[in-house]
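The chain contents come next:
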Amino acid sequence: MPSITRPTDSIASDGLAPWATHETGSRGRCFFEPPPNTRSEYQRDRDRIVHSGAFRRLEYKTQVFVNHEGDMFRTRLTHSIEVAQISRSIARVLHLNETLSETIALAHDLGHTPFGHAGQDILNECMQDYGGFEHNLQSLRIIDELEEKYAEFNGLNLTFETREGILKHCSISNAKKLGELGQRFLNKQQPGLEAQITNVADEIAYNNHDVDDGLRAGLIDINSLCDVRLFKEQHTAVMSAYPDIPEKRAIHEIIRRMINDQVTDFIHNTRECIKAANPSSRDDITRLNKPLVGFSSEMKAMNQELKQFLRKNLYRHYRVHRMTAKAAIIIRSLFDAFLNDPLLLPPEQQQHVNLLENAEADSGRARGIADYIAGMTDRYAIREYERIFNATELT
Ligand code: MG
């Protein structure tokens, strides 16, 4: 791997490349607010996310392993912090807006349901007749509407660029309902580079930490991981340099080198892509019909191999699947119970559901219930299930 050099050409006085997201070009917030005194606008966005209730709840939401399975596993919160670390490193070296990429990373999973992807899939099934459920759109709903903290507006009133970065994907029908924010999906355009790199940072973070968590849980082992080139290369290097290294330390050393390799490849390749596209502004990037960032083709293939390994050996492992199956029962049961009898909801939630139901009838009722369920942590969902379906449980 060649070392990373920092090019000094094409860098503006604020240290950012001309094609980075410059705060002076921001499309602003939905509700006017005077500029912050001591921070930048994107810092304010980041700080609002960190102080939100949805962010705190990420601590008790599953990434792959349900939170109570062990204290050492990643949760959505630690995952989001790892994504922020990786995307900040990449943004800084590419002279992109580091604060914006950190902000998007910290917010990218806010809309996730309890129980990881299993939770999202089953809630989407429950919502089929009512417009579906998509965690990405839910993240936007949280920051635009559901957080009730500020005196003058619902939501967090974040800047356009942060909101754009959070909305990674979106169906055409949903995009049509989102006004200015949905426009890029209709025009097949891209978000800024800060959002693009954060998507890849997300992937780098979860592929590598899932290897770590999978090994710790004993669901995958070092021998079988040696079929994966990315792992094998680093395993060989570490074991030949440190033949007596204890296993735990070896695993960390291998994984940190894997992350480093992927990040370095991504930075080099993306820099080449930027050079080839020769943009002179952010608009030149967003007008393209596909993302400009990416791994080299060799790293892309190696990444694919790692993903396939994880899919086959970790995500479909019977112990993970058992939890997935339980999650489906819990979420579907809660959804059906609340839909049939909203009086089972706590008063604040009843109020929220009533408001939506008055505006949009059955779809409103279902959406309000989905908001409640999506906001639950793993353990809260399990407790709520107990309180409703266990006859001996005190409510
Ligand atoms: Mg993520």
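Along each chain, residues carry numbers from 1 onward, in the same order as the chain's sequence is written. Side-chain atom pairs in this predicted model are given and counted only at pLDDT of 80 or more, local residue features only at pLDDT of at least 70, and totals for whole chains, interfaces and linings cover all residues. Side-chain measures were taken over the full set of non-hydrogen atoms in the model, leaving aside hydrogen atoms and water.

## Re the overall build of the protein
So, step 1. Within the protein, the secondary structure is distributed over 18 helices and 0 strands.
So, step 2. Compactness check: the protein gives a C-alpha radius of gyration of 22 Å against a globular reference of 21 Å for 395 residues, within 12% of the reference.
So, step 3. Dimensions of the protein, computed from C-alpha atoms along their principal axes, come out at roughly 65 × 55 × 35 Å.
So, step 4. Residues counted as buried form 53% of the 395 residues belonging to the protein.
So, step 5. Counting contacts in the protein only where the partners sit at least 6 residues apart, residues at least 24 apart contribute 71% of the total.
So, step 6. When the accessible surface of the protein is summed, it comes to about 19200 Å², and 49% of that surface belongs to carbon and sulfur atoms.
So, step 7. For the protein, the separation between the mean place of its 48 positive charges and that of its 56 negative charges on side chains is 2 Å. The numbering of helices and of strands both runs from the N terminus, where a helix is a DSSP run of H or I of at least 4 residues and a strand a run of E of at least 2. Put simply, the radius of gyration uses C-alpha atoms, and a globule should come to 2.2 Å times the residue count raised to 0.38. Burial classification: accessible surface area is computed with a 1.4 Å probe over protein chains only, and a residue below 20% of its type maximum counts as buried, one above 50% as exposed, and the rest as partly exposed. The contact rule is simple, with two residues in contact once any of their heavy atoms fall within 4.5 Å. Shrake-Rupley sampling with a 1.4 Å probe provides the accessible areas, and residues are treated as covered by the protein chains on show and by no other component. All tallies of charge rest on Lys and Arg as positive and Asp and Glu as negative; His and the ends of each chain are not included. Here the site of a charge means NZ on Lys, CZ on Arg, CG on Asp, or CD on Glu.

## Concerning the environment of Ala-17
So, step 1. Position of Ala-17 among the secondary structure elements: in the segment before α1 (41–50).
So, step 2. Separated by 292 residues in sequence, Ala-17 and Phe-309 place their C-alpha atoms 38 Å apart.

## Digging into the packing of helix α5 (residues 116–126) against helix α16 (residues 318–340)
So, step 1. Where α5 meets α16, the axes come as close as 9 Å, and the angle between the chain directions of the two elements is 35 degrees. Here the hand of the crossing between α5 and α16 comes out right-handed. Within the contact between the two elements, α5 uses Ala-118, Gly-119, Ile-122, Leu-123, Glu-125 and Cys-126 and α16 uses Thr-324, Ala-328, Ile-331, Arg-332 and Phe-335.
So, step 2. Following the grouping adopted for this structure description, the nonpolar residues are Ala, Val, Leu, Ile, Met, Phe, Trp, Tyr, Cys and Pro, the charged ones are Asp, Glu, Lys and Arg, and the polar ones are all others, Gly among them. Residues belonging to the contact of α5 with α16 are distributed by class as follows: 7 nonpolar, 2 polar and 2 charged. Axis lines are fitted to C-alpha atoms, over the contacting stretch for helices. Their N-to-C directions set the angle, which ranges from 0 to 180 degrees. Take the far helix as the reference: if the near one is turned anticlockwise from it by less than a right angle, the crossing is left-handed, and if turned clockwise, right-handed.

## Considerations on the coordination of the magnesium ion
Four donors placed tetrahedrally about a metal ideally form angles of 109.5 degrees, and six donors placed octahedrally ideally form angles of 90 or 180 degrees.
So, step 1. Listed donor atoms are N, O and S within 2.8 Å of the metal (Na, K and Ca: 3.2 Å). As water is not included, a site may look incomplete. Surrounding the magnesium ion are the protein donor atoms His-79 (NE2), His-108 (NE2), Asp-109 (OD) and Asp-202 (OD), which sit 2.1 to 2.7 Å from the metal.
So, step 2. Mapped onto the sequence, the donors of the magnesium ion take the spacing H-x28-H-D-x92-D. Residue Asp-109 is found in the loop between α4 (98–107) and α5, and its partner Asp-202 is found in helix α10 (residues 193–216); the two are separated by 93 residues along the sequence. Taken as a pair, Asp-109 and Asp-202 share a single burial class, namely buried.

## Focus on the domain arrangement of the protein
So, step 1. Partitioning the protein into domains gives domain 1 (36–320) and domain 2 (321–389).
So, step 2. Domain start and stop positions are those given by an automatic or database domain assignment. Here the C-alpha centroids of domain 1 and domain 2 sit 27 Å apart.
So, step 3. Listed by partner, the interface residues are 30 residues for domain 1 and 28 residues for domain 2.
So, step 4. The term buried area refers to how much accessible surface (probe radius 1.4 Å) is lost by two components on association, counted for both of them together. Across the interface of domain 1 and domain 2, roughly 2600 Å² is buried in total on both sides, 64% from carbon and sulfur atoms.
So, step 5. Put simply, a salt bridge is a Lys or Arg side-chain nitrogen that is within 4 Å of an Asp or Glu carboxyl oxygen. In this assembly, domain 1 and domain 2 are joined by 2 salt bridges.
So, step 6. Measuring nitrogen to oxygen at the nearest pair gives 3.5 Å for the salt bridge that ties Glu-125 to Arg-332.
So, step 7. In the analysis that follows, any N or O atom pair within 3.5 Å is treated as a polar contact, provided that within protein one partner can donate a hydrogen and the other can accept it, and provided that, for residues neighboring in sequence, both atoms belong to side chains. Across the contact surface, domain 1 and domain 2 share 17 residue pairs in polar contact (both at pLDDT 80 or more).
So, step 8. It is α5 that provides the largest number of residues to the side of domain 1 that touches domain 2, a total of 6 residues.

## What to know about the side chain of Thr-103
So, step 1. Turning to its location among the elements, Thr-103 is positioned in helix α4.
So, step 2. You can call Thr-103 buried: its relative accessible area is 0%.
So, step 3. Residues within four places of Thr-103 in sequence aside, it is in contact with Tyr-42, Asp-45, Arg-46, Ile-49 and Thr-162.

## Comments concerning unusual backbone geometry
So, step 1. In this structure, Lys-188 is a non-glycine residue whose phi angle is positive, near 55 degrees.
So, step 2. Mapped onto the fold, Lys-188 is located in the loop between α9 (183–186) and α10.
So, step 3. Phi at Asn-278 takes a positive value of approximately 50 degrees, unusual for a residue other than glycine.
So, step 4. Relative to the helices and strands, Asn-278 is located in the loop between α13 (247–277) and α14 (282–286).
So, step 5. Residue classification places Asn-278 among the exposed residues on the basis of a relative accessible area of 61%.

## Concerning helix α3 (residues 76–93)
So, step 1. Relative to the 26 Å expected for 18 residues at 1.5 Å per residue, α3 spans 26 Å between its end C-alpha atoms, a close match to the ideal helical length.
So, step 2. Along α3, the residues classified as buried are Arg-76, Leu-77, His-79, Ser-80, Val-83, Ala-84, Ile-86, Ser-87, Ile-90, Ala-91 and Val-93.
So, step 3. Against the buried residues of α3 lie α2 (53–57), α4, α5, α10 and α13.
So, step 4. Phi turns positive one or two residues past the end of α3, at His-95, with a value near 60 degrees. Here the expected span of a helix is defined as 1.5 Å times the quantity of residues minus one.

## Re helix α18 (residues 378–389)
So, step 1. Between its first and last C-alpha atoms α18 spans 17 Å; for 12 residues at 1.5 Å apiece the expected length is 16 Å, and the two agree.
So, step 2. Within the sequence span of α18, burial applies to Asp-378, Ala-381 and Glu-384. An end-on view of α18 places all buried positions within 130 degrees of arc, on one side of the element.
So, step 3. The inward-facing, buried residues of α18 abut α16 and α17 (347–375). Arc definition: it is the arc formed by the directions from the helix axis to the C-beta atoms.

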